[in-house]
Amino acid sequence: MNDLFVHQLKDIYYAENRILKGLPKMIEKATDPGLRQGFETHLRETEGQVERLRQVFAMHGVTPEAVTCPAIDGILKEADEVAGDVADKQVLDAALIAAAQAVEHYEITRYGSLIAWAKELGRNDCAAVLQKNLDEEKATDLKLTSLAESRVNRAAA
């Protein structure tokens with residue numbers, strides 16, 4: 001279980017760092033002011049999440065290290081492809097939200113597992129730090145849903 005926990009920690013560390021690199025592109029492409037601001041806010045949150053992951057590595061006595069995560073690479077590649085194929089800016093905003101939610105849902109599953117495993121390993125301290133990241137991911141997902149349902153999807157239709 002410890003090896004699995006550490007591997008998954010390295011996986012989400014890789015994912016969060018890849019997301020840090022991808023969010024500026026999404027900010028640049030977004031035309032809805034609320035969506036753009038949401039992405040900017042989440043960029044700052046993601047920077048904090050990477051710092052918390054480094055803290056968990058240290059708490060667990062492991063050097064921060066990333067392992068390639070084909071799942072997040074695939075999700076981000078698909079997002080780039082979809083965004084590149086959309087000429088209508090309002091439809092692009094809807095596509096960006098869908099892509100961002102795919103990323104959020106991936107992160108939510110990873111953090112949920114990490115928290116459960118940390119608790120099984122007797123690492124409630126690590127679980128508490130990871131819970132902060134999970135709470136932010138869930139909040140971002142809810143904000144994206146609200147934005148999509150309140151105006152972006154309607155404007156795209």
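Residues numbered from 1 in each chain as written. Predicted model: local features only at pLDDT ≥ 70, side-chain atom pairs only at ≥ 80, totals over all residues. Heavy atoms only, no water.

(A) View of the pattern of salt bridges. If you walk through the whole model with that rule in mind, you get eight salt bridges. Across the pair Lys-10 and Glu-65 runs a salt bridge whose closest N-O atoms are separated by 3.3 Å. Here Lys-10, found in helix H1 (residues 2-29), pairs with Glu-65, found in the loop between helix H2 (33-59) and helix H3 (70-84); they are 55 residues apart in sequence, far enough to count as distant. By relative accessible area, Glu-65 is classed as partly exposed at 40%. (Salt bridge = Lys/Arg side-chain N within 4 Å of Asp/Glu carboxyl O. Helix = DSSP H or I, 4+ residues; strand = E, 2+ residues; numbered from the N terminus. Buried < 20%, exposed > 50% of the residue type's maximum accessible area, 1.4 Å probe, protein only.)

(B) Spatial organisation of the nonpolar core. Core analysis: the largest hydrophobic core is formed by 49 residues, its most contacted members being Phe-5, Leu-9, Leu-35, Phe-39, Ile-72, Leu-96 and Leu-130. Of all elements in the fold, only H1, H2, H3, helix H4 (89-120) and helix H5 (124-156) reach the threshold of two or more residues within this core. Tallying contributions element by element places H4 first for this core, with 14 residues. (Core = buried A, V, L, I, M, F, W, Y, C linked by side-chain atoms within 4.5 Å.)

(C) Quick look at the packing of H4 against H5. Relative to each other, H4 and H5 sit at 160 degrees, their axes nearing to 8 Å. Overall, the two elements H4 and H5 adopt an arrangement that is roughly antiparallel. Seen along the crossing, H4 lies across H5 with a hand that is left-handed. A class-by-class count of the residues in the contact of H4 with H5 yields 19 nonpolar, 10 polar and seven charged. (Axes fitted to C-alpha atoms, helices over the stretch in contact; angles between N-to-C directions. Parallel < 35°, antiparallel > 145°, perpendicular 65-115°, else oblique. Left-handed = near helix turned anticlockwise from the far one by under 90°. Nonpolar A, V, L, I, M, F, W, Y, C, P; charged D, E, K, R; others polar.)

(D) Up close: the environment of Ala-94. By the element assignment, Ala-94 lies in helix H4. The spacing of Ala-94 and Leu-144 is 50 residues in sequence and 9.8 Å in space, taken between C-alpha atoms. Beyond its immediate sequence surroundings of up to four residues, Ala-94 is in contact with Val-152, Asn-153 and Ala-156. (Contact = heavy atoms within 4.5 Å.)

(E) Structural context of the side chain of Thr-46. Here Thr-46 is to be found in helix H2. The residues touching Thr-46, leaving out its near neighbours within four places in the chain, are Glu-16, Ile-19, Leu-20 and Leu-23.

(F) Seen up close, H2. Taking 1.5 Å as the rise per residue, H2 with 27 residues should run 39 Å; its terminal C-alpha atoms sit 39 Å apart, in good agreement. Every buried residue belonging to H2 is among Leu-35, Phe-39, His-42, Leu-43, Glu-45, Thr-46, Gln-49, Val-50, Arg-52, Leu-53, Val-56 and Phe-57, and all of these are buried. Buried residues belonging to H2 abut H1, H4 and H5. A distance of 2.9 Å separates the backbone nitrogen of Gly-34 from a side-chain oxygen at the start of H2, and that oxygen is part of Asp-32. A positive phi of about 75 degrees marks Gly-61, the residue just after H2. (Expected span 1.5 Å × (residues − 1). Polar contact = N/O pair within 3.5 Å; in protein donor to acceptor, adjacent residues only side chain to side chain.)

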